[in-house]
Amino acid sequence: MSKCEQCIVREFSSLKALNKDELIKLSDCKTSKLIKKGEHIFEEGENVNGIFCIKDGICKLTKLSPNGKDHIVKLVTKGELLGQRSMISDEPANLSAIALEDMHVCFIPKNEIMGFFDKNNQFSMNVMKTICGDLKTADDHMVNMAQKSVKERLAETLIYLHDTFGINKDETLKVQLSRDELASMIGTATESCIRLLSDFNKLGLIELVGKKIVLKDINKLKKMAD
């Protein structure tokens, strides 16, 4: 089991503000977990009682809508922390976190993290900045949903997947979402998403390789997204 002070992943999150003694303390109280593709890290309404640090892998954060469908709010990858907001607000998780691929995560209990809040101002500031960033992202997403067409949102999401998570050797998008998941991200019915992907394919903007997607004309997709 790797030690927190030797883990490069901590440099990407609020944990970078912790000093060596604090990181050693963190190592002593954390537990490491392997999460299989499709499994929950935690579920909406669950009392998480700590935070999860993603060491490897990608998960989706989802919200259950009144009609019983999962809506993808965000994708999260290594170096990010999960559960910061519900830990501070002392409320159950308002989202579910589900692995999109096999993941390695570390769990840090709430009582240990809250101790760092009292003693390390920079750590507290980092957490607050992260939460503020999440709120800004949520605001932007809400405006996009209201003002952009489904076609524009699909183009924007494909660019986001490309720029954030990269591509495989065969140039397909590294994050392989199902048509249901992609539809959920852009806020439309699965049938509409499939139809739009087919349109994009005919226009030469993308190439569909089975369930995988290759972006063929990124500039045109960017113009469409804007």
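Please read these numbers as outputs of a predicted model, since none were measured by experiment.

### Describing the UniProt feature "domain: Cyclic nucleotide-binding" (unreviewed entry) in the chain
Part 1 of the argument: Following the UniProt record, the feature "domain: Cyclic nucleotide-binding" (unreviewed entry) maps to residues 14–110 here.
Part 2 of the argument: Secondary structure content for residues 14–110 is 18% helix and 44% strand, while the C-alpha to C-alpha distance between its ends is 15 Å.

### Looking at the pattern of salt bridges
Part 1 of the argument: Counted by the stated rule, this structure contains ten salt bridges.
Part 2 of the argument: Measuring nitrogen to oxygen at the nearest pair gives 3.2 Å for the salt bridge that ties Asp140 to Lys136. Remark: Lys136 and Asp140 occur in helix 4 (residues 121–147); sequence separation between them is four residues, near one turn of the helix.
Part 3 of the argument: For Asp140, a relative accessible area of 40% gives the class partly exposed.
Part 4 of the argument: The class for Lys136 is exposed, based on a relative accessible area of 54%.
Part 5 of the argument: Put simply, Asp170 and Lys212 hold a salt bridge, and the shortest N to O gap is 3.9 Å. A residue pair is termed long-range when its members are at least 10 positions apart, and Asp170 in the loop between helix 5 (150–165) and helix 6 (179–186) and Lys212 in strand 10 (residues 212–215) qualify at 42 residues.
Part 6 of the argument: Given the relative accessible area of 43%, Asp170 is considered partly exposed.
Part 7 of the argument: Counted as one network, the salt bridges with shared partners bring together Lys74, Glu80 and Asp134.

### Here we look at the domain arrangement of the chain
Part 1 of the argument: Taken domain by domain, the chain comprises domain 1 (4–145) and domain 2 (148–224).
Part 2 of the argument: For domain 1 versus domain 2, the distance between C-alpha centres works out to 27 Å.
Part 3 of the argument: Contacts between domain 1 and domain 2 engage 13 residues on the former and 14 residues on the latter.
Part 4 of the argument: Taken over both partners, the interface formed by domain 1 and domain 2 buries close to 1100 Å², and the fraction arising from carbon and sulfur atoms is 58%.
Part 5 of the argument: Across the contact surface, domain 1 and domain 2 share one salt bridge.
Part 6 of the argument: Ionic pairing is found between Glu181 and Lys60, a salt bridge with its closest N-O pair at 2.9 Å.
Part 7 of the argument: Going through the elements one at a time, strand 4 (58–64), strand 5 (70–77) and helix 4 are the ones with two or more residues in the side of domain 1 that touches domain 2.
Part 8 of the argument: No other element matches the five residues that strand 5 contributes to the side of domain 1 that touches domain 2.

### Thoughts on the side chain of Glu22
Part 1 of the argument: Mapped onto the fold, Glu22 is located in helix 1 (residues 20–29).
Part 2 of the argument: Among buried charged residues, Glu22 stands out as having no salt bridge; its nearest opposite-charge side chain is Lys119, 7.4 Å away.
Part 3 of the argument: Those residues in contact with Glu22 that sit more than four places away from it in its chain are Ala17, Phe116 and Asn120.

### Remarks on the pairing of strand 4
Part 1 of the argument: Burial analysis of strand 4 places five of its seven residues in the buried class, which makes it a mostly covered element.
Part 2 of the argument: Relative to strand 5, strand 4 is paired through seven bridges, and the arrangement is antiparallel. Bridging across to strand 5, Lys63 finds its partner in His71.
Part 3 of the argument: Here strand 4 folds back onto strand 5, and the loop between the two strands holds five residues, one of which, Gly68, carries a positive phi near 85°.

### A closer look at the environment of Val76
Part 1 of the argument: Here Val76 is to be found in strand 5.
Part 2 of the argument: Judged by its relative accessible area of 1%, Val76 falls in the buried class.
Part 3 of the argument: Apart from residues lying up to four places away in sequence, Val76 is in contact with Ile54, Gly57, Ile58, Cys59, Leu61 and Leu82.

### With respect to the packing of aromatic side chains
Part 1 of the argument: Taken as a whole and judged by the stated rule, the model has five aromatic pairs.
Part 2 of the argument: Judged by centre distance (4.9 Å) and plane angle (50°), the rings of Phe52 and Phe107 are tilted. One end of the pair, Phe52, is in strand 3 (residues 50–56); the other, Phe107, is in strand 8 (residues 103–109), and 55 residues separate them in sequence. Of the two residues, Phe52 and Phe107, neither departs from the other in class, the shared state being buried.
Part 3 of the argument: Measuring from centroid to centroid gives 5.8 Å for Tyr160 and Phe165, while their planes differ by 85°, and the two rings are edge-to-face.
Part 4 of the argument: On the basis of relative accessibility, which here comes to 30%, the residue Tyr160 falls in the partly exposed class.

Cut-offs applied
Residues numbered from 1 in each chain as written. Predicted model: local features only at pLDDT ≥ 70, side-chain atom pairs only at ≥ 80, totals over all residues. Heavy atoms only, no water. UniProt positions renumbered as here; feature names shortened; annotations may be inferred. Helix = DSSP H or I, 4+ residues; strand = E, 2+ residues; numbered from the N terminus. Salt bridge = Lys/Arg side-chain N within 4 Å of Asp/Glu carboxyl O. Buried < 20%, exposed > 50% of the residue type's maximum accessible area, 1.4 Å probe, protein only. Domains from an automatic or database assignment. Contact = heavy atoms within 4.5 Å. Buried area = accessible area lost by both parts, 1.4 Å probe. Lys, Arg positive; Asp, Glu negative; His and termini not counted. Pairing = 2+ DSSP bridges. Phe/Tyr/Trp six-rings, centres within 6.5 Å; stacked < 30°, edge-to-face > 60°.

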